[in-house]
Amino acid sequence: MDNSSGVGVLDKAALVLGALETGPTTLAGLVAATGLARPTAHRLAVALEHHRLVGRDLQGRFVLGPRLGELASAAGEDRLLATAGPVLARLRDITGESAQLFRRQGDYRVCVAAAERTSGLRDTVPVGSQLTMTAGSAAQILLAWEEPERMQRGLRGSRYSAVALAAVRRRGWAHSVGEREAGVASVSAPVRSPSGKVIAAVSVSGPIERLSRQPGRLHAPAVIAAAERLSEVLRRTGTE
């Protein structure tokens, strides 16, 4: 199938953006994924970066830029983010803990929405924060339903095991205690697209002193309900 629009530079820019959909990519990776000459791929990526359609991660790799999220929100397409605020605020009020929504981006998970506990000791995760995929209950959720090969790659160096991920799939939620950060516990559940794919994780997090060493017993039902509310919005709108 010919995907050419007849405007060569736009077609090539679209190839670059499409190559970044899977996560952070080096210039060599862009060249391999797009088939473009190295100078062309570099020139387009830098130009797209100028317009914030492409960004860089902490390792200098190219990633999809913040302008894409702004355009999606303006067009009303990102129903997940549009709905997340009230759902996370309600989850925070029910549990008394900070609530977050995470999406995976390559080797990281990014906090795309949050509702912070307003007072007292809390776990603060600012929107835009990049956290590791090797620790934490949200990381477990975002990896547990991946294809086997990608899951095995993600388990390398992680603080959880394949057995732990099997348990996550069985019960439908994950928890962690001091896994990402000493003294912090969390509970997470999956948000699914209409096709059933896990596209995000809803979490609550806070000090172990409040959440205990079995935080799922306290908060799993509320976290699952919040994740299901977001999944239902996506099902109603048909948003992947």
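Residues numbered from 1 in each chain as written. Predicted model: local features only at pLDDT ≥ 70, side-chain atom pairs only at ≥ 80, totals over all residues. Heavy atoms only, no water.

(A) Structural detail: the overall build of the protein chain. From N to C terminus, the protein chain includes ten helices and eight strands. Radius of gyration (C-alpha) of the protein chain: 19 Å, near the 18 Å computed for a compact globule of 240 residues. The dimensions of the protein chain, computed from C-alpha atoms along their principal axes, are 60 × 35 × 35 Å. When contacts within the protein chain are restricted to residue pairs at least 6 apart in sequence, those whose partners lie at least 24 apart make up 56%. Counting every atom, the protein chain has about 12,100 Å² of accessible surface; 54% of that belongs to carbon and sulfur. Side-chain charges in the protein chain split into 31 positive and 22 negative, and the spacing between the mean points of these groups amounts to 4 Å. (Helix = DSSP H or I, 4+ residues; strand = E, 2+ residues; numbered from the N terminus. Rg over C-alpha atoms; globule rule 2.2 N^0.38 Å. Contact = heavy atoms within 4.5 Å. Areas by Shrake-Rupley, 256 points an atom, 1.4 Å probe, with all protein chains shown as cover. Lys, Arg positive; Asp, Glu negative; His and termini not counted. Charge placed at Lys NZ, Arg CZ, Asp CG, Glu CD.)

(B) Just unusual backbone geometry, in detail. The phi dihedral of R52 falls on the positive side, at around 65°, and the residue is not glycine. Tracing the backbone shows R52 in the loop between α3 (38-50) and β1 (54-56). Among the residues examined, R52 registers a relative accessible area of 37% and is labelled partly exposed. Residues other than glycine seldom take positive phi values, yet S212 does so here, at roughly 75°. With respect to the helices and strands, S212 occurs in the loop between α9 (208-211) and α10 (215-237). (Buried < 20%, exposed > 50% of the residue type's maximum accessible area, 1.4 Å probe, protein only.)

(C) Inspection of a nonpolar patch on the surface at higher detail. Judged by side-chain polarity, V7, V9 and L10 come together as a nonpolar surface patch covering roughly 270 Å² of accessible area. Here V7 shows up in the segment before α1 (8-19). Residue classification places V7 among the partly exposed positions, given a relative accessible area of 38%. (Patch = residues over 30% accessible without salt bridge, like charges linked within 9 Å, V, L, I, M, F, W, Y side chains within 5 Å. Salt bridge = Lys/Arg side-chain N within 4 Å of Asp/Glu carboxyl O.)

(D) Up close: the UniProt feature "domain: HTH iclR-type" (unreviewed entry) in the protein chain. Per the UniProt annotation, the sites labelled "domain: HTH iclR-type" (unreviewed entry) are residues 7-66. A helix fraction of 57% and a strand fraction of 10% characterise residues 7-66, whose end C-alpha atoms lie 25 Å from each other. (UniProt positions renumbered as here; feature names shortened; annotations may be inferred.)

(E) Local environment of the sheet that holds strand β6 (residues 174-177). Strand order in this open sheet of six strands is β5-β4-β3-β8-β7-β6, and the pairing throughout is antiparallel. Pairing within the sheet leaves two strands with one partner each, and these edge strands are β5 (130-132) and β6. Within the sheet, the average angular offset between the axes of one strand and its neighbour, ignoring direction, is 35°. Both strand β4 (residues 108-115) and β5 contribute to a ladder of three bridges, which runs antiparallel. From the neighbouring strand, V110 faces β5, where its bridge partner is Q130. The sheet strands contacting helix α5 (residues 79-95) are β3 (98-105), β4, β7 (184-192) and β8 (198-207), and the helix crosses β3 at an angle near 140°. (Pairing = 2+ DSSP bridges. Axes fitted to C-alpha atoms, helices over the stretch in contact; angles between N-to-C directions.)

(F) Main features of helix α6 (residues 137-144). When you tally the buried positions in α6, you get eight out of eight residues, the bulk of the element. The complete set of buried residues in α6 reads S137, A138, A139, Q140, I141, L142, L143 and A144.

(G) Fine view of the nonpolar core. Core analysis: the largest hydrophobic core is formed by 24 residues, its most contacted members being L80, L88, L91, L101, V191 and V202. Put simply, the parts of the chain that give this core at least two residues each are α5, β3, β4, β7, β8 and α10. Of all hydrophobic cores here, the second largest spans 19 residues; its members include F102, V125, L143 and L165. (Core = buried A, V, L, I, M, F, W, Y, C linked by side-chain atoms within 4.5 Å.)

(H) Representation of the pattern of salt bridges. The full count for this structure, using the stated rule, is eleven salt bridges. A salt bridge links R56 to E49; the nearest nitrogen and oxygen atoms lie 3.2 Å apart. The exposure class of E49 is partly exposed, given its relative accessible area of 27%. The residue R150 makes a salt bridge to E146 at a minimum N-O spacing of 3.3 Å. You can call R150 partly exposed: its relative accessible area is 28%. Each of D57, R61 and D107 takes part in a single network of salt bridges with overlapping partners.

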